Amino acid sequence: MLILAACLLATLFLFLVVLFAAGGLFQTKTYLQPWDKTYAKNFKDPRIRLAAYGLLAANGHNMQPWIIKLDKKDAMTFYLFADPERMSLQADPEARQLMVTQGTFLDYVAVAGQSIGFRSPSPCSPKALMMKTIFSTA
C-alpha cells in the first residue's frame with residue numbers, strides 16, 4: 001500500500017512538473033519586456049523605437065488596438081491605424097474609447113520623441129481613424 005501511494009505521489013509530481021513546464025513556468029517572461037526601461041533602445045529605426053514607447057499607453061479594455069505601418073518612402077514617418085479586430089463593439093459602439101486610446105498612444109510617442117531629441121507636429125485629425133505622425137530632428 002505504501003509503495004502504491006509513493007507511486008501515485010511521484011506520478012502526480014511528474015504530472016505537475018510537466019504541466020507547469022508546458023505552461024511556461026520556467027520560460028523567461030518576454031511579455032514584460034516592453035516595461036523594461038531599455039527595451040525601446042533595442043531598435044535602430046526611430047519609428048519602431050517610438051512605437052515601443054507608445055505600446056505602454058493606457059488603452060480601452062487593455063486591447064492595444066493599434067496597427068502601425070512604416071512609410072516605405074519616408075524613414076521618419078509611420079501611420080497609426082485602429083485595429084478593427086480589437087474593437088469592443090459592445091462596450092464602445094461609437095469607437096470613442098478607441099479614438100482616445102489612439103490619442104494616448106500618440107501622446108506617449110510625442111513625449112518619448114521629445115525626450116530622445118525629436119519634435120512632432122500635431123499628429124492626428126479628429127475626423128479620421130488613420131493618423132500620421134511625422135518626426136524630425138531639431
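Conventions we followed
- Residues numbered from 1 in each chain as written.
- Predicted model: local features only at pLDDT ≥ 70, side-chain atom pairs only at ≥ 80, totals over all residues.
- Heavy atoms only, no water.
- Helix = DSSP H or I, 4+ residues; strand = E, 2+ residues; numbered from the N terminus.
- Expected span 1.5 Å × (residues − 1).
- Buried < 20%, exposed > 50% of the residue type's maximum accessible area, 1.4 Å probe, protein only.
- 1 Å grid on protein atoms, 1.4 Å probe; cavity = no way out; pocket = protein on both sides within 12 Å on 5 of 7 lines; lining within 4 Å.
- Points joined across faces, edges and corners; volume = space filled by probe spheres on them.
- Nonpolar A, V, L, I, M, F, W, Y, C, P; charged D, E, K, R; others polar.
- Core = buried A, V, L, I, M, F, W, Y, C linked by side-chain atoms within 4.5 Å.
- Phe/Tyr/Trp six-rings, centres within 6.5 Å; stacked < 30°, edge-to-face > 60°.
- Lys NZ or Arg CZ within 6 Å of the ring centre and 35° of its normal.
- Contact = heavy atoms within 4.5 Å.

1. Quick look at helix 3 (residues 96-115)
- For helix 3, which comprises 20 residues, the first-to-last C-alpha distance of 29 Å matches the rise-based estimate of 28 Å (1.5 Å per residue) to within 8%.
- Along helix 3, the positions that sit buried rather than exposed are Leu98, Thr101, Gln102, Phe105, Leu106, Val109, Ala110, Ala112 and Gly113.
- Backbone geometry just after helix 3 places glycine 117 at a positive phi near 100°.

2. Some words on helix 1 (residues 2-22)
- End to end, helix 1 covers 30 Å across 21 residues, agreeing with the expected 30 Å (1.5 Å per residue, within 8%).
- Counting buried positions along helix 1 yields 0 of 21 residues, so the element is predominantly exposed.
- Just beyond helix 1, the residue with positive phi is glycine 24, at close to 95°.

3. So, empty space enclosed by the protein
- For the coordinates displayed, the defined rule picks out 1 cavity of 30 Å³ or more.
- Around the largest cavity, the lining residues are Gly60, His61, Met63, Pro65, Arg86, Met87, Ser88, Asp92, Gln97, Leu98 and Thr101.
- Of the residues belonging to the lining of the largest cavity, the class tally is 4 nonpolar, 5 polar and 2 charged.

4. Quick notes on the nonpolar core
- Leu50, Ala51, Ala57, Trp66, Phe78, Leu80, Phe105, Leu106, Val109 and Ala112 form the largest nonpolar core, which has 10 residues in total.
- Put simply, the parts of the chain that give this core at least two residues each are helix 2 (46-54), strand 2 (77-82) and helix 3.
- In terms of residues, this core owes the most to one element, helix 3, which gives 4 residues.

5. Thoughts on the packing of aromatic side chains
- Scanning the entire structure with this criterion turns up 2 aromatic pairs.
- For the ring pair tryptophan 66 and phenylalanine 105, a centre distance of 4.9 Å and an interplane angle of 45° mean the geometry is tilted. Taken as a pair, tryptophan 66 in strand 1 (residues 66-70) and phenylalanine 105 in helix 3 lie far apart in primary sequence, 39 residues in all. The two residues tryptophan 66 and phenylalanine 105 agree in class, both being buried.
- The ring of phenylalanine 81 carries lysine 69 above its face, with NZ or CZ at 5.7 Å from the centroid.

6. So, unusual backbone geometry
- You will see that histidine 61, though not glycine, has its phi angle at about 60°, which is positive.
- Within the element layout of this structure, histidine 61 appears in the loop between helix 2 and strand 1.
- Of note, the phi angle at glutamine 64 is positive, near 45°, even though the residue is not glycine.
- With respect to the element layout, glutamine 64 can be found in the loop between helix 2 and strand 1.

7. Regarding the side chain of arginine 47
- Its place among the elements puts arginine 47 in helix 2.
- When near neighbours in sequence (up to four residues on either side) are disregarded, arginine 47 contacts Leu70, Asp71, Asp74, Ala75, Met76, Thr77 and Phe78.

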